[in-house]
Amino acid sequence: MSPRLQVGDSPQLAQTFDEVVDCDVVIVGCGVAGLYCALSLPEALSVVLLSKEAVDHCDSMLAQGGICVLHDPGDYESFFEDTLRAGHYENRLESVDLMIRASRPIIDDLIKRGVRFARRPDGELDYTREGAHSRPRIVYHEDVTGEEITTRLLACVRGLPHARILEHTCMTDILEGFEGSGTRVCRGVVATGPGGERTEIRADATVFATGGVGGLYSRSTNFSCLTGDGCRIAAEHGVLLEHMDYVQIHPTTLWSEKPGRAFLISESARGEGAILLNDAGERFTDELQPRDVVSAAIFAEMRRTGAEHVWLSFERVPRDVIEGHFTHILERCLEEGYDIRERPIPVVPAQHYFMGGIHVDSDSQSTLPHLFACGETCCNGVHGKNRLASNSLLESLVFAQRAADKIMRDRFAEDTAAQLAAAARIRSRFVAGSRDVTDMTLLTGAV
């Protein structure tokens, strides 16, 4: 295709592009947030998703422990308090409430989409517990929950007739324009493809689901391609960022002298009874405290003893739990020469999660109209200063769905009832919060 000149209402300098793509919504990132946002949009809207590398190079694939869910109505207060206590009470209360109340419908929807969660012999969901949780409320698939959810959502997105995925396509900038009122808005993104071609993707709504910042650290559990692109580009356009210093260190990654991504040892291992020991075989902390507290205890013990790592012992974890629940951790440790069934493994803290990011409201809107953000690249206030274990997948899904709902409400706000009815007929269902609805007043946001 011959190069063409950028035109339109963007105040940016004219640039030459190899391709111009028009769509209703462009989503940057193919982790659970980006994928679920796409799945929550109606088929009446065309969607383009970008993946910086291959679609499986996202941190959602790496989540081991599980995903939180409100266990029962009586669990609300303790779930809320556990989230706040882990976050040092710097959480946005409205966001925490929204996440918890939407958790059961989200899990039910994942199951309908084919996600396989562990079950008890009676067929009911099995629940595990992790650090800083006052009770078991985490559903899981072995020790690869993130991979199970992400793979299933990806398959669903690939089946959408109105969605297109562009792999090895890196966002380099956003497009700006003005509405009739003179308000500055986001009009899409600029991206570079696998062959170096430059593409202008014009969209009515743009969603950043670009992940965290682990690629900027020498030791991290993240993929190296996660370098805070969404936050950097947002900042360049004057979009408000929040709590950029709120970075979580995970207490237990497998110690190794090899370079590259640190292998995570799920917190659910400690939730099932694994304990931390020093070189003398002494237990030195309560393993079920929040992650920042446990990480600080490990660093303090390493400084005291001069050791390069501490040890994680599975001696209190039943053998059937190790082999059934922690299958992939067992396999990886065996590859490194450690049998967790027989002896402790060396572990050390590493950068793991980013609680700050692009400031968004409860509908995942940034301070630049038509620009949304969800997942690890945004700060909606759920996590506060420190994330509660297994809240990340849930938070990403809940607020990705809220972004999609808001995009749809905005898009159809001025349409006639007949046009709305036609749009509703095109898609199989419209999800608003916890309800499957066809009520036009809900679609327009009138209630």
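Quantities reported herein were computed from a predicted structural model and do not represent experimental measurements. (Residues numbered from 1 in each chain as written. Predicted model: local features only at pLDDT ≥ 70, side-chain atom pairs only at ≥ 80, totals over all residues. Heavy atoms only, no water.)

The predicted model of the chain averages 90 in pLDDT, with 89% of residues at 70 or higher. Predicted confidence is poor over residues 1–13, with pLDDT under 50, and the contacts of this stretch with residues over four places away or in other chains come to 35 contacts. Residue range residues 428–447 is modelled with pLDDT below 50. Its contacts to residues more than four positions away, or to other chains, number 33 contacts. (pLDDT = per-residue confidence, 0-100. Contact = heavy atoms within 4.5 Å.)

Here the structure, examined in full by the defined rule, presents two aromatic pairs. Measuring from ring centre to ring centre gives 5.7 Å for Tyr76 and Phe80, while their planes differ by 35 degrees; the resulting arrangement is tilted. Of this pair, Tyr76 and Phe80 both sit in helix H2 (residues 76–86), separated by four residues, roughly a single helical turn. The ring of Phe223 carries Arg261 above its face, with NZ or CZ at 4.9 Å from the centroid. Here Arg387 stacks its cationic end above the ring of Tyr353, 4.2 Å away from the centre of that ring. (Phe/Tyr/Trp six-rings, centres within 6.5 Å; stacked < 30°, edge-to-face > 60°. Helix = DSSP H or I, 4+ residues; strand = E, 2+ residues; numbered from the N terminus. Lys NZ or Arg CZ within 6 Å of the ring centre and 35° of its normal.)

Now for the packing of helix H3 (residues 93–112) against helix H10 (residues 392–412). Contact geometry for H3 and H10: axes closest at 9 Å, N-to-C directions at 90 degrees. The pairing of H3 with H10 is recorded here as roughly perpendicular in orientation. Along the contact surface, H3 presents Ser95, Leu98, Met99, Ala102, Ser103, Ile106 and Leu110, while H10 presents Leu394, Glu395, Leu397, Val398, Phe399, Gln401 and Arg402. Its residues assigned to classes, the contact of H3 with H10 comprises nine nonpolar, three polar and two charged. (Axes fitted to C-alpha atoms, helices over the stretch in contact; angles between N-to-C directions. Parallel < 35°, antiparallel > 145°, perpendicular 65-115°, else oblique. Nonpolar A, V, L, I, M, F, W, Y, C, P; charged D, E, K, R; others polar.)

This structure, assessed with the given rule, holds 32 salt bridges. Linking Arg101 and Asp97 is a salt bridge whose minimum nitrogen-to-oxygen distance equals 2.6 Å. Taken as a pair, Arg101 and Asp97 lie in helix H3 at a separation of four residues, close to a single helical turn. Under the relative-accessibility criterion, Arg101 is labelled exposed at 54%. The partner of Arg184 in a salt bridge is Glu176, and the shortest N-O contact between them spans 2.7 Å. (Salt bridge = Lys/Arg side-chain N within 4 Å of Asp/Glu carboxyl O. Buried < 20%, exposed > 50% of the residue type's maximum accessible area, 1.4 Å probe, protein only.)

This next bit is on unusual backbone geometry. Look at Glu142: it is not a glycine, yet its phi comes out positive at around 50 degrees. Positionally, Glu142 belongs in the loop between strand S6 (138–139) and helix H4 (145–158). Accessibility expressed as a relative area gives 29% for Glu142, which makes it partly exposed. Here the phi dihedral of Ser390 falls at roughly 70 degrees; this positive angle occurs in a residue that is not glycine. Inspection of the secondary structure puts Ser390 in the loop between strand S18 (378–379) and H10.

Taken across its 11 residues, strand S10 (residues 198–208) has eight buried, putting it largely inside the fold. Pairing geometry for strand S3 (residues 19–28) and S10, over nine bridges, is parallel. Note that in S10 the partner of Val26 across the bridge is Thr206. What sits between strand S9 (residues 184–192) and S10 in their antiparallel hairpin is a turn of five residues, with Gly196 showing a positive phi close to 90 degrees. In the sheet, S10 pairs with strand S17 (residues 371–373) via three bridges, with the strands oriented parallel. Residue pairing across strands places Val207 opposite Phe372, the latter belonging to S17. (Pairing = 2+ DSSP bridges.)

This brings us to empty space enclosed by the protein. Counting across every chain of the model gives one cavity of 30 Å³ or more. Considered as a void within the structure, the largest cavity measures approximately 40 Å³ in volume. Around the largest cavity sit Met355, Cys378, Cys379, Asn380, Gly381, Val382, His383, Gly384 and Glu395, which together line it. (1 Å grid on protein atoms, 1.4 Å probe; cavity = no way out; pocket = protein on both sides within 12 Å on 5 of 7 lines; lining within 4 Å. Points joined across faces, edges and corners; volume = space filled by probe spheres on them.)

One broad rule of soluble globular proteins: the nonpolar side chains tend to lie buried together. Among the nonpolar cores identified, the biggest contains 65 residues, and Ile67 and Leu110 are the most heavily contacted of them. With 11 residues, the top contributor of residues to this core is H10. Not counting residues within four places of it along the chain, the set of residues in contact with Ile67 comprises Ile107, Leu110, Phe117, Arg137, Ile138, Val139, Thr145, Ile149, Ser390, Leu393, Leu394 and Leu397. (Core = buried A, V, L, I, M, F, W, Y, C linked by side-chain atoms within 4.5 Å.)

For Asp22, the location among the structural elements is in strand S3. Put simply, Asp22 and Ala203 are 181 residues apart on the chain and 6.2 Å apart in space, counted from C-alpha to C-alpha.

Two pairing modes exist for strands in a sheet, parallel and antiparallel, and in both the strands are linked by backbone hydrogen bonds. Reading across the sheet, the three strands line up as S11-S16-S18 and stay open at both edges, with mixed pairing between neighbours. Pairing within the sheet leaves two strands with one partner each, and these edge strands are strand S11 (241–242) and S18. Strand direction decides the pairing type here: strand S16 (residues 357–359) and S18, joined by two bridges, are parallel. Looking across to S18, one finds that His359 is bridged to Cys379. Its contacts with the sheet put helix H5 (residues 229–236) on S11 and S16, and the angle it makes with S16 is roughly 45 degrees.

Our next topic: the pairing of strand S15 (residues 345–354). Taken across its 10 residues, S15 has 10 buried, putting it largely inside the fold. For strand S12 (residues 247–254) and S15, the ladder comprises six bridges, and the chain directions are antiparallel. Within S15, the residue paired with Ile249 across the bridge is Gln351. Sheet topology note: the strand S14 (residues 310–313)/S15 ladder contains three bridges and is antiparallel. Its bridge partner lying in S15, Leu312 is registered against Ile345.

All right, on to the environment of His359 then. Within the secondary structure layout, His359 lies in strand S16. Spatially, the C-alpha atom of His359 lies 5.0 Å from that of Cys379, the residues being 20 residues apart in sequence. The residues touching His359, leaving out its near neighbours within four places in the chain, are Arg92, Leu240, Leu241, Glu242, Gln365, Ser366, Thr367 and Cys379.

This paragraph deals with the sheet that holds S15. Here four strands make up an open sheet; going across it, the order is S12-S15-S14-S13 and the pairing antiparallel. Of all strands in the sheet, those bounded by a partner on one side alone are S12 and strand S13 (275–277). With direction set aside, neighbouring strand axes in the sheet form an average angle of 45 degrees. The sheet contact formed by S13 and S14 spans three bridges and is antiparallel. Residue pairing for S14: Leu277 is matched across the bridge by Trp311.

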